[in-house]
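# Structure assessment
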Amino acid sequence: MIQLNIITVGTLKEDYLKEALAEYKKRLSQYARVEEISIKEELIRNEEDRAQVARALDAEGEKILSLLPKDAYKIALCVEGRQFDSPALAGIISEASDRSGKIALVIGSSHGLSDKVKAEANLKLSLSKLTFPHQLMRVILYETLYRSFTIIAGKKYHK
């Protein structure tokens, strides 16, 4: 069974998002072992100060890099990443799982990810050109992963 390591910055606050995430984690458990690690978002006192934002991203990035399994296929979610349809993403996940048996996915803070984390990634992935609330993106990622595994398994979830 494949190992999924999902590294996120920040915590979920709304109960409805926690419930949705729990449902997709449960569904995913039939296809993969899922370990989610959340790190604390760095405090930025002045959102307009690019230097403060850069320092925060660098600090978060160092923590993320220390948590990435070295032998995993690494996927960084970022706005400049590539977009795929669901079957194509399922193919990438299937291929990555066959290669190493481990996939690590990273969701940064609302300010994104450090360049060092992006450089470490095997794939920079964007799930949409649309902008979503940071916390909702976790649920979207889990649903996308579940959909990918059902496609790989030949289930009828994906239409």
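Refer to the preceding data block for the structure.
Residues numbered from 1 in each chain as written. Predicted model: local features only at pLDDT ≥ 70, side-chain atom pairs only at ≥ 80, totals over all residues. Heavy atoms only, no water.

## Notes on the sheet that holds strand β1 (residues 2-9)
Condition: When DSSP finds two or more bridges between a pair of strands, those strands are recorded as paired. Secondary structure elements are defined from DSSP: runs of H or I of at least 4 residues count as helices, runs of E of at least 2 residues count as strands, and each element is numbered from the N terminus. Axis definition: a line fit to C-alpha positions, over the contact stretch in the case of helices; interaxial angles, taken between N-to-C directions, run 0 to 180 degrees.
Spatially, β2-β1-β4-β3-β5 is the arrangement adopted by the 5 strands of the open sheet, whose pairing is parallel. Taken across any chain shown, the strands that pair with only one partner, and hence form the sheet edges, are β2 (32-39) and β5 (123-125). Each adjacent strand pair in this sheet contributes to an overall mean axis angle of 25 degrees, direction not counted. One ladder, built from 5 bridges, connects strand β3 (residues 73-82) with strand β4 (residues 102-107); its direction is parallel. Bridging from a neighbouring strand, Ala76 pairs with Val106 of β4.

## Remarks on the packing of helix α1 (residues 15-28) against helix α5 (residues 134-153)
Definition in use: Reported orientations rely on four angle classes, namely roughly parallel under 35 degrees, roughly antiparallel over 145, roughly perpendicular from 65 to 115, and oblique for the rest. The sense of a crossing depends on the near helix, which, turned anticlockwise from the far helix by less than a right angle, makes the crossing left-handed and, turned clockwise, makes it right-handed. Here, residues are in contact when the closest pair of their heavy atoms is within 4.5 Å. When residues are sorted by character, Ala, Val, Leu, Ile, Met, Phe, Trp, Tyr, Cys and Pro go into the nonpolar class, Asp, Glu, Lys and Arg into the charged class, and all the rest, Gly among them, into the polar class.
Where α1 meets α5, the closest approach of the two axes is 9 Å, and the angle between their N-to-C directions is 20 degrees. Compared by their axis directions, α1 and α5 come out roughly parallel. Crossing of α1 over α5 shows left-handed handedness. For the pair α1 and α5, contact is made by Leu17, Ala20, Leu21, Tyr24, Lys25, Arg27 and Leu28 and by Gln135, Leu136, Arg138, Val139, Tyr142, Glu143, Leu145, Tyr146 and Phe149, respectively. For the contact of α1 with α5, the class distribution of residues is 11 nonpolar, 1 polar and 4 charged.

## Observations regarding the packing of aromatic side chains
To be explicit about the condition: In this analysis, rings of Phe, Tyr and Trp, with Trp reduced to its six-membered ring, are considered paired at centre separations within 6.5 Å, and the interplanar angle assigns stacked below 30 degrees, edge-to-face beyond 60, and tilted for intermediate values. Summary of the burial criterion: residues with accessible area below 20% of their type's maximum are buried, those above 50% are exposed, and those between are partly exposed, where the area comes from a 1.4 Å probe applied to protein chains only.
Under the counting rule described, the total for this entry stands at 4 aromatic pairs. Ring geometry for Tyr31 and Tyr146: centres 6.2 Å apart, planes at 55 degrees, overall tilted. One end of the pair, Tyr31, is in the loop between α1 and β2; the other, Tyr146, is in helix α5, with 115 residues separating them in the sequence. The class for Tyr31 is buried, based on a relative accessible area of 15%. Relative to Phe149, the ring of Tyr31 lies with its centre 6.0 Å away and its plane at 10 degrees, an arrangement referred to as stacked. A residue pair is termed long-range when its members are at least 10 positions apart, and Tyr31 in the loop between α1 and β2 and Phe149 in helix α5 qualify at 118 residues. The class for Phe149 is buried, based on a relative accessible area of 6%.

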